[in-house]
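Observations on chain architecture
Single-letter residue listing:
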Amino acid sequence: MDNAVKTRKKLLAEIKDLQARLAETEEALLAAQKSRNNHASKHAEDEIRWGKERNHERAKADELLQFKKCEHRHSEEELGKTREQLRDVSFKLLLAEETERKRIAQEIHDGIAQHWAMVKIRVEGILDQLGKEIATPLKDILPIIQVGLEETRRIQMNLRPALLDDLGILATISWFCREFQKTHPAVLVETKIDVQEDDITTPVKTVMYRVLQEALNNISKHSKTTLVNLTLQKNEGGIEFIIQDRGQGFDVNAILSQKNYEKGLGLSGMRERTHLSGGSFSFESTKGRGTTVRASWPLPENR
């Protein structure tokens with residue numbers, strides 16, 4: 001009888017300990033979820049703030065342009081200077097946006113991503129200490145934590161991949177194409193790169209990455225292709241970046257006549273970034289034959 005009482009007390013003590021550990025795990029998961037929600041809210045607020053700041057600066061630049069037009073109506077030289085100022089202001093805003101993206105991405109890495117990793121390690125440690133019958137159902141928590149960790153990393157990389165600053169645009173292009181093919185295994189991406197890292201200035205590297213990001217996003221949504229050709233090469237004193245798919249294509253005139261379609265394709269953003277960084281941008285598409293996005297910049301010494 002005494003042994004039975006002792007056994008029962010021991011079991012009750014183990015159950016109480018397990019309940020405490022489960023409560024601790026639940027608290028850690030709730031804290032991680034709250035941190036993630038807070039970050040998502042902050043990110044949304046930052047996006048709104050960037051848009052407002054950019055629109056405000058553009059409005060100020062437009063006012064300046066209008067003033068200069070009235071004051072120097074017959075002076076093409078002064079008008080050209082004003083346009084250059086407008087281009088510089090807009091490009092500085094783009095660079096400021098990239099700097100802010102980099103900062104937030106780093107905060108995600110140092111904060112919420114590390115938190116998710118610690119939660120996972122802690123839960124795994126607790127499960128290792130539990131009996132098999134109790135631990136097995138609780139292991140369903142681990143995939144949920146892993147999804148949260150991977151989603152956090154995806155947000156971080158979409159904001160700005162650290163690889164771009166650490167290793168440069170050539171390594172980033174290779175990485176991005178590999179990641180694209182993992183997500184879209186039916187699409188083959190063939191790359192031809194014939195430039196050196198030093199041939200491309202830092203601001204152009206950032207613009208080049210955004211063009212690549214938007215172009216492949218469009219291909220995944222609209223092209224229905226199985227082959228993408230990506231070329232980065234020197235050409236007649238400049239650098240040419242071409243992304244060509246063999247998909248269904250579209251009638252350019254018919255599509256662009258539709259309200260907001262260019263914005264939906266991200267063409268205006270790609271064109272603006274390329275022009276503001278001192279380059280030129282064009283795209284071609286033929287129904288049934290695919291689409292070509294082309295951006296080019298002069299070499300640094302030719303600017």
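In the block above lies the structure referred to throughout.
Please read all numbers here as calculations on a predicted model, not as lab measurements.

Moving on, we come to the overall build of the protein. When helices and strands are counted, the protein shows 10 helices and 5 strands. Across the 303 residues in the protein, those meeting the buried criterion constitute 37%. Expressed as a percentage of contacts within the protein between residues at least 6 apart in sequence, the contacts between residues at least 24 apart total 71%. Looking at the protein as shown, the accessible area adds up to about 18500 Å², and 52% of this sits on carbon and sulfur atoms.

Moving on: the pattern of salt bridges. What the rule picks out here adds up to 4 salt bridges. Note that Lys234 and Asp199 form a salt bridge whose closest N and O atoms lie 3.2 Å from each other. Taken together, the residues Lys234 in strand β2 (residues 227-235) and Asp199 in the loop between β1 (188-194) and α7 (202-223) connect sequence positions 35 residues apart.

What follows covers the sheet that holds β2. Ordered in space as β1-β2-β3-β5-β4, the 5 strands form an open sheet in which the pairing is mixed. At either margin of the open sheet sits one strand with a lone partner, and together these are β1 and β4 (280-286). Strand-to-strand twist across the sheet, computed as the mean angle between neighbouring axes with direction ignored, equals 10 degrees. Pairing between β1 and β2: 7 bridges, direction parallel. Following the sheet pairing, Thr191 is matched in β2 by Leu230. The sheet strands contacting α7 are β2, β3 (238-245) and β5 (290-298), and the helix crosses β3 at an angle near 15 degrees. Those strands touched by helix α10 (residues 267-276) are β4 and β5, and its axis lies near 150 degrees from that of β4.

Moving on, we get to α7. In a regular helix each residue adds 1.5 Å, so 22 residues correspond to 32 Å; α7 covers 30 Å between its end C-alpha atoms and thus fits that length. Two residues or fewer after α7 comes Lys224, characterised by a positive phi angle close to 60 degrees.

Inspection of the secondary structure assignment puts Thr183 in helix α6 (residues 169-183). Judged by relative accessible area, which is 57%, Thr183 ranks as exposed. Considering only alpha carbons, one finds Thr183 and Ser220, 37 residues apart in sequence, at a separation of 9.5 Å.

With that settled, consider the nonpolar core. If you look at the biggest cluster of nonpolar residues, it comprises 36 residues, and the most contacted ones within it are Met208, Leu232, Phe241 and Ile243. Those elements that provide at least two residues to this core are α6, α7, β2, β3, α10, β4 and β5. For this core, the element with the highest residue contribution is α7, accounting for 9 residues. For Leu232, the residues in contact, after removing those within four places along its chain, are Leu170, Ile173, Lys192, Ile193, Asp194, Val195, Ile200, Met208, Ile239, Glu240 and Phe241. Grouped together as the second largest cluster of nonpolar side chains are 5 residues, Val119, Val123, Ile141 and Leu142 included.

In the Ramachandran plot, Lys224 falls in the positive-phi region, its phi being about 60 degrees despite a non-glycine side chain. Examined against the element boundaries, Lys224 turns out to sit in the loop between α7 and β2.

This part takes up the packing of α7 against α10. It is at 10 Å that the axes of α7 and α10 come closest, and there the two elements cross at 165 degrees. What the angle tells us is that α7 and α10 run roughly antiparallel. Crossing hand, α7 versus α10: left-handed. Along its contact with α7, which presents Val207, Arg210, Val211, Glu214, Ala215 and Asn218, the element α10 presents Met270, Arg273 and Thr274. Counted by class, the contact of α7 with α10 contains 4 nonpolar, 2 polar and 3 charged residues.

Quick notes on the rules
Residue numbering note: each chain is counted from 1, following its sequence as written. The predicted origin of the model limits local features to residues at a pLDDT of at least 70 and limits the giving and counting of side-chain atom pairs to 80 or more, whereas totals for whole chains, interfaces and linings rest on all residues. Water and hydrogen atoms were dropped before computing side-chain values, which therefore reflect all heavy atoms in the structure. To qualify as a helix, a DSSP run of H or I must reach at least 4 residues; to qualify as a strand, a run of E must reach at least 2; elements of each kind are numbered from the N terminus. Summary of the burial criterion: residues with accessible area below 20% of their type's maximum are buried, those above 50% are exposed, and those between are partly exposed, where the area comes from a 1.4 Å probe applied to protein chains only. Contact definition: two residues touch when any of their heavy atoms are within 4.5 Å. For the area figures, the Shrake-Rupley method with a 1.4 Å probe applies, and any residue is considered shielded solely by the protein chains shown. A side-chain nitrogen of Lys or Arg and a carboxyl oxygen of Asp or Glu constitute a salt bridge if their distance falls within 4 Å. By definition, two strands form a pair when at least two bridges between them are found by DSSP. To define axes, lines are fitted to C-alpha atoms, for helices over the stretch in contact only, and angles between the resulting N-to-C directions are given on a 0 to 180 degree scale. Any helix carries an expected span of 1.5 Å times its number of residues minus one. Only buried Ala, Val, Leu, Ile, Met, Phe, Trp, Tyr and Cys residues count toward a nonpolar core, and they belong to the same one when joined by side-chain atoms within 4.5 Å. The labels follow the angle: roughly parallel below 35 degrees, roughly antiparallel above 145, roughly perpendicular from 65 to 115, and oblique for the rest. Here a crossing is taken to be left-handed if its near helix is turned anticlockwise relative to the far helix by less than a right angle, and right-handed if that turn runs clockwise. The residue classification treats Ala, Val, Leu, Ile, Met, Phe, Trp, Tyr, Cys and Pro as nonpolar and Asp, Glu, Lys and Arg as charged. All others, Gly included, are polar.

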